Amino acid sequence: MFDVLAAVISGGSIKFVDFIEDEKKGKGLLKWPIALIAGLAFGYVLSFSPASSMFLAILAAQVFMGKVDRVAHGLAVIIAVITALFYGLGPMDLQLMVAFFILSTMDEVPLEGVLAPLGEYRLWLKGGTLCVGLITGAWSYFILIMAFDMAYLTVAYYLGEGIRPMRRK
């Protein structure tokens, strides 16, 4: 249950840091402690969650796709990695991790036409975790990505961005 709370804290705090970096042009010192909190929460999920392989895949995909493009984002990633190295990684499923990496990467690729909503709302990973739950009964992946995303979108809404498609840089 604590992994769900950590996913919520991580999702919300990552969005808050994104908001400061993107909308406020990085101004303000609040981004640093919030990035630290995001990294600690993400690191907790990497270490203690049954869905740790998914979160490691997400982290790798974000780095691979160049989404860690600000120092505050880098701080959160470094803290998450250090936390996971200190406590150890949780259970890893290599096949699912590769699949989740591919899906997380696809979520960052802008699409056009009929497939556009899959990219704009980042539905690839959510759909993949739903399929894993339906096929295997392992619902922790779906529950945790939904908890993370609901917190991310809730913070976006209260920061005045509303619930809208994810922006591409």
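Residues numbered from 1 in each chain as written. Predicted model: local features only at pLDDT ≥ 70, side-chain atom pairs only at ≥ 80, totals over all residues. Heavy atoms only, no water.

In this structure, F42, M54, F55 and F100 are the most contacted members of the largest nonpolar core, which totals 26 residues. When residues of this core are traced back to their parent elements, those giving at least two are α1 (2–22), α2 (31–48), α3 (52–64), α4 (71–87), α5 (94–107), α7 (123–136) and α8 (140–158). The residues contacting M54, other than those within four sequence positions of it, are F100, L125, T129, Y141, L144 and I145. Counting six residues, the second largest nonpolar core, distinct from the first, contains V17, I34, A35 and A38. (Core = buried A, V, L, I, M, F, W, Y, C linked by side-chain atoms within 4.5 Å. Buried < 20%, exposed > 50% of the residue type's maximum accessible area, 1.4 Å probe, protein only. Helix = DSSP H or I, 4+ residues; strand = E, 2+ residues; numbered from the N terminus. Contact = heavy atoms within 4.5 Å.)

The next point concerns the packing of aromatic side chains. Under the criterion given, the structure shown has nine aromatic pairs. Aromatic pair F42 and F55: ring centres 5.4 Å apart, planes at 75 degrees, arrangement edge-to-face. With F42 in helix α2 and F55 in helix α3, the pair connects residues that are 13 residues apart, well separated along the chain. Each member of the pair, F42 as well as F55, carries the same accessibility label: buried. Taking 6.1 Å as the distance between ring centres and 75 degrees as the angle between the ring planes, the aromatic pair formed by W139 and F142 counts as edge-to-face. Assessed through its relative accessible area of 33%, W139 is described here as partly exposed. A relative accessible area of 23% places F142 in the partly exposed class. Grouped by ring-pair contacts, the aromatic residues Y44, F48, F86 and Y87 constitute a single cluster. (Phe/Tyr/Trp six-rings, centres within 6.5 Å; stacked < 30°, edge-to-face > 60°.)

This part takes up the side chain of S53. Here S53 lies in helix α3. Take S53: its relative accessible area is 0%, and that puts it in the buried class. Aside from chain neighbours lying at most four places away, what touches S53 is P91, M92, D93, M97 and Y141.

Right, let's get into the pattern of salt bridges. Within this structure, the stated rule accounts for six salt bridges. Here D22 and R70 are joined by a salt bridge, their closest N and O atoms 3.8 Å apart. Within this pair, whereas D22 is found in helix α1, its partner R70 is found in the loop between α3 and α4, the two being separated by 48 residues in sequence. Residue classification places R70 among the partly exposed residues on the basis of a relative accessible area of 34%. Between K126 and D149 there is a salt bridge, with its nearest N and O atoms 2.6 Å apart. Of this pair, K126 sits in helix α7 while D149 sits in helix α8, and the two are 23 residues apart along the sequence. Both residues of the pair, K126 and D149, count as buried. Taken together, the shared-partner salt bridges in this structure form one network comprising E21, D22, K31 and R70. (Salt bridge = Lys/Arg side-chain N within 4 Å of Asp/Glu carboxyl O.)

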